[in-house]
Amino acid sequence: MAATVQIRRLTGANGSITSTDITSGSVHAGTQDSNTSPCAIPVPTSGSNHSYWVTAQLNCTASADNALNNIKFWTDGANSFGTGITAIVSTASGYVQATGTTGSSGILLSVGNYATLATGGASDLFLYTSSCKLTVAGSLAGATTGSFGDRVVSQLSIISTAGAGNSVAETLNWQWDES
Amino acid sequence: MTNITWQAHYATGETVTPESVPYAHLDRDRLQAFDLLQGSRLLVRVELREDGLGRRALIYRKRTLQRNDGTEGATFYLVGWQRVVLGQKVQAICYLFEDGRVLLGGQFRGDDELMDEIVPFEWEKDLV
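Within any chain, residue numbers begin from 1 and follow the written order of that chain's sequence. Each chain takes a letter, starting from A, and each ligand takes a number, starting from 1, following the order in which they are written. In view of the model being predicted, local features appear only for residues whose pLDDT reaches at least 70, and side-chain atom pairs are presented and counted only at 80 or more, with totals across whole chains, interfaces and linings using the full set of residues. As a rule here, side-chain values come from all non-hydrogen atoms in the structure, and water together with hydrogens is ignored.

Trainee: Whenever I open this one, the packing of aromatic side chains confuses me. Can you help?
Mentor: What describes a pair of aromatic rings is the distance from one ring centre to the other and the angle between the planes of the rings. Stacked, edge-to-face and tilted labels apply to pairs of Phe, Tyr and Trp rings (six-membered ring for Trp) whose centres lie within 6.5 Å, assigned for plane angles under 30 degrees, over 60, and everything in between, in that order. Per the stated rule, a full pass over the model turns up 11 aromatic pairs over all chains. Aromatic side chains A:F81 and A:F126 sit 5.8 Å apart centroid to centroid with 70° between the ring planes, which places their arrangement in the edge-to-face category. Of this pair, A:F81 sits in the loop between β5 (67–74) and β6 (85–92) while A:F126 sits in the loop between β9 (123–124) and β10 (134–136), and the two are 45 residues apart along the sequence. Here A:F81 matches A:F126 in class, with each residue buried. A centroid spacing of 6.4 Å and a plane angle of 50° characterise the contact between B:F76 and B:Y95, whose relative ring orientation is tilted. In this pair, B:F76 is assigned in strand β6 (residues 74–85) and B:Y95 in strand β7 (residues 88–97), connecting sequence segments 19 residues apart. Working definition: with a 1.4 Å probe on protein chains only, accessible area under 20% of the residue-type maximum means buried, over 50% means exposed, and in between means partly exposed. Taking relative accessible area as the criterion, B:F76 reaches 0% and is therefore assigned buried. By relative accessible area, which is 0% here, B:Y95 ends up buried. Each member of the aromatic cluster is reached from another via a ring pair, and the members are B:W6, B:Y23, B:F34 and B:Y60. Seen from the ring of A:W74, A:K133 lies directly overhead, with NZ or CZ sitting 4.3 Å from the centre. The helix count covers DSSP runs of H or I at least four residues long, the strand count covers runs of E at least two residues long, and both are numbered beginning at the N terminus. Sitting over a ring, as applied to charges here, requires NZ of Lys or CZ of Arg to be within 6 Å of the ring centre and within 35 degrees of the ring normal.

Structure, rendered in structure tokens:
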């Protein structure tokens, strides 16, 4: 057993996806499809503005002896982003590029807008805790490398009560088994 | 905990290692015992011989927790067995941590976040 697994963020158009290693760094949810220097989400005067959704997936760069499976994802259960900021998450069997109006708002993460999103759509990110983890389907069989498992897709939304500036960072947890 | 490896003992007296038999190819019907070792030092032995109470099926995984902020998660090993008692699956699992601690746990889905149940691979038909 000697698998090396990274957490990667997926951006860009289908067919030319950019896969960025985010294992050891912060991920910014802004209003453009990019993992670097994202546009901030404007605080609306009414309604809500959304980040472009953030798509993450595990990637095996050094293979296990046999296989990887049983992927889980969770948070600490407490939304520390700040007033007026919420987050949702779901899994997806495929990749759909995040879109919206740059500098303004992403389109809502929903089954209608993200075709391969899990049935039932997205739920509150902070519902998933260490005792109630989000199950991420998929595995990597054999002594192979590459991306595996469904994508975990998340999105922030803000309303008029949110304060300006960077939100507090949240730690997201992943888990997988190897044989 | 580094340099963790395993060896398996068959009823014939044969001992196999990952170098001779991949884990996926272990003859699970012939297993008598399964060891986790650190180098040559035996850490845990799981006895799988028939004890008159029914078959015990081997469970073995390396489980990794990773945070997305770069802070160290955790890596630990699950080793133990599962059997069916009165129609229910019952587990006895040892959890080995990198600092040398060994936790003897019971059923999967216990109160501890570590104790998520495994998802059997296709070659673990005795765990399904």
